[in-house]
Structures are given as structure tokens and as C-alpha cells.
Amino acid sequence: MLCLDVVPEFSLGCEQWQFVLGMHFSQAVAIIQLQVGIIKGVQVLYNDTKPLEIDMVINLPQDGIRLFFDPVSQRLKIIEIYSMKSVKLKYFSKFFNSPEVLPTIQVIEHYFGATHPGVYDSEKQLFMLNFRGLSFSFPVDQKYQTEGSNNSFVSLQFPSGTAAIVSRMTIYSGASIEHTVAPELPLSCYYGQAYLEKAVLLRGQNRTKGIKLSLVTASHTRVAEANKKKLERIILLGQTVQDITSAIGCPSKVFYKSEDKMKIHTPNIHKTTADLSDYFFNYFTLGLDILFDARTNLVKKMILHTNYPGHYNFNMYMRCEFSLALNGTEINAYSQWKDVSKDLEPSEQPVVLNRASATNSINPFGSTFCYGYEDIIIEVLPNNHIGSLSIFGDGRNYQIPQHNA
């Protein structure tokens, strides 16, 4: 049984890990993966057809915990404990819920102090006791409510020897759960990484030249102190490895294209060697991949990921908040292909892309469709949202543009 500390309006966790309000979906998944064998049983719930309208949920059924993530920002919005018997809970190192301590309303008021009068919802037969950033639900039968009452706890009459016991606890940001929103990414969740606020694709002479990145990172001035720092960087097709790392730092990972199925179309294929494989710089927190040519070590392609649930690469990257002005229309991470294609003249027949690894030939998410337009390829999911956007260079080393064309 998990033994966790409750911090109202902030977190649920222990000394080893914390689910913090505002943390990204991928960071919560990383915690769960590190606690394999301790946290048992995980479900990921999302709406495939309306991925931007309904919260994504991580459900831990054996621990009675649900994590609700905002579908747009993909940051943690609400922490819910829906099975109080499945977990031990502490507040300031004192247990208020355990096999030995029942979370009655008297216990809650003793440990958490005074608050505004609770409200009884006769329709749901729930009494709600609300603190800032924390809410407790008590199931109460309607028969315990006196006639003409004002829906407060003092109007509820219980038989001698009985008490209302918490059935559900919710942690959120703000004074009201109805108006709560996911906080910004907390400084404690930066982990020394840079994160993307927005990416603007730079165009000129009917070609895409690169990307202007607005980044945010945490600069540490003293021990246990940190401040957010905003940066602007431009990266261009045709730049060198040194140019890219000087602008945005070292990648999260380097991936070599050891399996390049297009090599079969290359002349003198028998002379092709492994040391000439093109390679990717993966920037997971920026939602960005950069492909370098193995011979010239210049950027030949950039891939921007939207991180929608149901995509083969979901949870590998944070969403790239890009925008692209193209032929009088703006394409961004939330555009739908049915709207974008009205203003463009893409390739009539898309390329069907069905990803599968070498060890697992089954892709549970199905195929995606890739449409070409000039030097851009747009990958479209079955639900009509954009899965990724790729831009290609023509071998030239572009200079940093002074303005967007």
C-alpha cells in the first residue's frame, strides 16, 4: 500500500517521487515507470475523436488514484484519490487516512483546520468540504438531511455512533475545483532542461528556411533557488552540428538511421557502410527532431511533433507549439487537415505510413497519411489532426533571416 504525503494545491507523493500539479504527462509516466513493482496496474484514458476537448487520464486502479491532464497543455490539472482504502495519506507527517485512522469529518477538521461551511448535493448525495486546493467528498444518504435545511453539514443528523467518512479526495490549484486550470510547469519539474513556448517556421522564396524558437529554462542562482529565463534562438536548415548545439544545446538523444529502407534505391548499395548513416538529434522537451547528413554533417530535415494520444510516438516528445504561415493560412499544432487542405494544393495521393518496430510488427494505433506540399510533409492522423510536420533542406546553408518573408 502506498504511503503518500498530501500538499494542498501542489502535490501528492513521498520522499522518492511526487505527482506535482502542472507537471507534464510524460513526467508523470516517467515516475510510474521508475516505480514498477510498487505502482501496479496503469491505465491511460483519452478521447480519440476529440483529443483537445476531454482530459487525458492516468488511472492507477490498484492504488485508487486518478491523474487528470489538460488536453491542450498536457499538464497535470487534478489529482484524485477515489479509493481511500487503497492508500495511506499524511498531512504534515500525520496520518489522517490509514487502516488505523478512518478519515471522518471530525478527523479532517482536526488535521486541516477550519474552512468555509461545506455543501450538501442532494442529487449526488454527497457532502463536499472544501479547502483551498483540496476537497473532500462524504457520501451522505438523503434521509439524514432535515426538512427545510440549508444544505450545510450542521443540518445533517446522523444516528448515534455513526459519522460521515471521506470517499474521495481531490487536489487542485485555486479556490474552486470547478474553475481550476493546470498551472504552469513548476520549477521543480524543469530538471535542467529547456522547454518550448512557441516555434515559428521561417519562410522565404517559397522555401522553409528554419525555425525561430522561444524557449524557457530555469536558471539557478543559489542553492534551492531558481528563476525562469526566456530565450530566443533560430535554427536553420543547412547548419552544422556546432551551429545547432550552440543555439539550443545538446540533444536528449542521438539516433542513427541504422535501418534505412530507402538504401535499396541507392546506386552501388554494396558499398554503403554503416558509418555513413544519417543521424537524428532528438530534443524531447522541444518536440523536435533534427536530421543531419552523414557526409556533410549539415541539417537536412527537421520534424516537429504534436504528441497526440493515439500516435505511434505519443509520450516520447512534448508537444511542439509551432505556427506556419503558408499561402494565407496558418497551420499550427491544433489545426485539422480538412481545414488546412482547403487552402493548399497538396499531393493528391498521400503516402500511407504504418510504423512498426523490428521486434514488434503490430502497430495498435493504425496507419497515418503523409501529404507533401513544396518542401513540407504533413503527417495526418485518422482523426484529422496533424501528427507531425517535416521540413526539408535543399543542401544550402541558409543565413539567419532578418525578417519573415
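Residues numbered from 1 in each chain as written. Predicted model: local features only at pLDDT ≥ 70, side-chain atom pairs only at ≥ 80, totals over all residues. Heavy atoms only, no water.

S.K.: Help me understand the sheet that holds strand E4 (residues 43–45) in this model?
M.R.: Hydrogen bonding along the main chain pairs the strands of a sheet, whether they run parallel or antiparallel. Pairing in this open sheet of eight strands is antiparallel, and the strands run E4-E5-E6-E7-E13-E12-E11-E10 from one edge to the other. Two strands lie at the open edges of the sheet, namely E4 and strand E10 (119–121), each paired on one side alone. Ignoring strand direction, the axes of neighbouring strands in this sheet form an average angle of 20°. Relative to strand E12 (residues 134–139), strand E11 (residues 126–131) is paired through six bridges, and the arrangement is antiparallel. Residue pairing across strands places leucine 129 opposite phenylalanine 136, the latter belonging to E12. Against the sheet, helix H1 (residues 25–34) engages E4, strand E5 (56–60) and strand E6 (65–69), with an angle of about 15° to E5. (Pairing = 2+ DSSP bridges. Helix = DSSP H or I, 4+ residues; strand = E, 2+ residues; numbered from the N terminus. Axes fitted to C-alpha atoms, helices over the stretch in contact; angles between N-to-C directions. Contact = heavy atoms within 4.5 Å.)

S.K.: Quick question: what am I supposed to make of the packing of aromatic side chains here?
M.R.: Taken as a whole and judged by the stated rule, the model has 19 aromatic pairs. Ring centres 6.2 Å apart and planes at 90° place the aromatic pair phenylalanine 96 and phenylalanine 136 in the edge-to-face group. Pair noted here: phenylalanine 96 is in strand E9 (residues 94–97) and phenylalanine 136 is in strand E12, with a separation of 40 residues, a long-range link. A residue is classified by how much of its surface remains accessible, and phenylalanine 136, at 0% relative accessible area, is buried. Taken together, a centroid distance of 6.0 Å and an interplanar angle of 50° make the contact between phenylalanine 127 and phenylalanine 138 tilted. In this pair, phenylalanine 127 sits in strand E11 while phenylalanine 138 sits in strand E12, placing the two residues 11 residues apart along the sequence. Phenylalanine 138 shares its class with phenylalanine 127; the two are buried. Over the aromatic face of tyrosine 82 sits the side chain of arginine 66, whose NZ or CZ is 4.0 Å from the ring centroid. The ring of tyrosine 308 has arginine 319 lying over it, and the distance from NZ or CZ to the ring centre is 4.6 Å. (Phe/Tyr/Trp six-rings, centres within 6.5 Å; stacked < 30°, edge-to-face > 60°. Buried < 20%, exposed > 50% of the residue type's maximum accessible area, 1.4 Å probe, protein only. Lys NZ or Arg CZ within 6 Å of the ring centre and 35° of its normal.)

S.K.: Looking at this structure, how should I read the pattern of salt bridges?
M.R.: Any two side chains of opposite charge can pair if their charged atoms end up close together. Counted by the stated rule, this structure contains 13 salt bridges. As a salt-bridge pair, aspartate 5 and lysine 90 come within 3.9 Å of each other at their nearest N and O atoms. On the criterion of sequence distance, the pair formed by aspartate 5 in strand E1 (residues 2–7) and lysine 90 in strand E8 (residues 87–91) is long-range, its members being 85 residues apart. Overlapping salt bridges bring together Arg203, Arg207, Glu374 and Asp375 as one network. (Salt bridge = Lys/Arg side-chain N within 4 Å of Asp/Glu carboxyl O.)

S.K.: What should I look at first to understand the environment of arginine 396 in this one?
M.R.: Inspection of the secondary structure puts arginine 396 in the segment after strand E26 (386–392). The class of arginine 396 is partly exposed, set by a relative accessible area of 42%. Residues in contact with arginine 396, not counting those within four places in the same chain, are Arg207, Leu237 and Gly238.

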